[in-house]
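Single-letter residue listing:
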Amino acid sequence: MTTGQIQVVGLDADDTLWHSEVYFERTQRRFDELVGRYVDDGIDVHRALEVVERRNLVRYGYGIKGFTLSMLECAMEVTDGAIGVEELQQILAAGRSMLDHPVDLIDGVDDTITYLSETGYRLVIVTKGDLHHQEMKVMASGLADRVERIEIVAEKDVATYRRVIASMEVPPEQFCMVGNSVKSDVLPVLELGGRAVHIPYHITWEAEHADHDGTVPTLDTIADLPAWLETQR
């Protein structure tokens, strides 16, 4: 059992435990290609989809299903309904393909999670997204037997983390959140008095960008996490 101050480690899922954003980016490139055939050169299809996604977050939440609905809505909106049924079918198929994609763990995740579990850290996955799909990905990842709780949440804000930390029955200073998003995984936890560490992914969704003073603890890879936790005694 770890004797360090941090007792509970929260783990983001998408782009922290397994690859995710690369598939969104690949699908958006296909979307840009399909829809771009129907619009004037001055229309930025890529940007138009970002606007529709943000507009729909309150309605659909996070995840592939909401992304797919936003793609279909944007395609019809920016083309004034001129886009063909075949292209819409291809967009829908691209969304389905993302849902069916196998879980691809990031290098170092399996060994790190095993080590943390075996050395006594209590682990909780805290992730946004579609409940059904995220549950499926956690089960398919092979990590579920090493974590104490799985929290699939609508938003990662101070109120959410306060509830998660309370459910683990530890004070905030004994909780550390680990993730690829400064906005969602770091700043709200620090505001609560907890610990947090940023492990950047090579692609960050526009909606997850956040300004900060540059002092956020950052690691190159999740394999560095056990050693960093040992320094936090």
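Residues numbered from 1 in each chain as written. Predicted model: local features only at pLDDT ≥ 70, side-chain atom pairs only at ≥ 80, totals over all residues. Heavy atoms only, no water.

1. With respect to the sheet that holds strand 5 (residues 195-198)
Consideration 1: With parallel pairing, five strands are arranged side by side in an open sheet as 3-2-1-4-5. The outermost strands of the open sheet, each flanked by one partner alone, are strand 3 (149-153) and strand 5. Geometrically, the sheet is characterised by an average inter-axis angle of 20 degrees between neighbouring strands, direction not taken into account.
Consideration 2: Relative to strand 5, strand 4 (residues 175-179) is paired through four bridges, and the arrangement is parallel. Among the inter-strand pairings, Cys-176 is bridged to a residue of strand 5, identified as Arg-195.
Consideration 3: Docked against the sheet, helix 6 (residues 131-141) engages strand 2 (122-128) and strand 3, running at close to 150 degrees with respect to strand 3.
Consideration 4: Of the strands in this sheet, strand 2, strand 3 and strand 4 touch helix 7 (residues 158-167), which is tilted by about 165 degrees from strand 3. (Pairing = 2+ DSSP bridges. Helix = DSSP H or I, 4+ residues; strand = E, 2+ residues; numbered from the N terminus. Axes fitted to C-alpha atoms, helices over the stretch in contact; angles between N-to-C directions. Contact = heavy atoms within 4.5 Å.)

2. Some words on empty space enclosed by the protein
Consideration 1: Under the defined criterion, the tally for this structure stands at two cavities of 30 Å³ or more.
Consideration 2: Roughly 110 Å³ of volume is contained in the largest cavity.
Consideration 3: Every residue along the wall of the largest cavity is listed here: Trp-18, His-19, Ser-20, Tyr-23, Phe-24, Ile-64, Met-98, His-101, Pro-102, Val-103, His-133 and Lys-137.
Consideration 4: Looking at the lining of the largest cavity, the elements that each hand over two or more residues are helix 1 (21-36) and helix 6.
Consideration 5: Residues belonging to the lining of the largest cavity are distributed by class as follows: seven nonpolar, four polar and one charged. (1 Å grid on protein atoms, 1.4 Å probe; cavity = no way out; pocket = protein on both sides within 12 Å on 5 of 7 lines; lining within 4 Å. Points joined across faces, edges and corners; volume = space filled by probe spheres on them. Nonpolar A, V, L, I, M, F, W, Y, C, P; charged D, E, K, R; others polar.)

3. Details of the packing of helix 1 against helix 3 (residues 64-78)
Consideration 1: The geometry of helix 1 relative to helix 3 is characterised by a closest axis approach of 11 Å and an angle of 15 degrees between their N-to-C directions. The angle between the axes of helix 1 and helix 3 places the two elements in the roughly parallel class. Remark: the crossing between helix 1 and helix 3 carries right-handed chirality. Note on element contacts: helix 3 touches helix 1 through Ile-64, Phe-67, Met-71, Cys-74, Ala-75 and Val-78, opposite Phe-24, Thr-27, Gln-28, Phe-31 and Val-35.
Consideration 2: When its residues are assigned to classes, the contact of helix 1 with helix 3 shows nine nonpolar, two polar and no charged. (Parallel < 35°, antiparallel > 145°, perpendicular 65-115°, else oblique. Left-handed = near helix turned anticlockwise from the far one by under 90°.)

Purely geometric stuff here, so don't read any function into it on its own.
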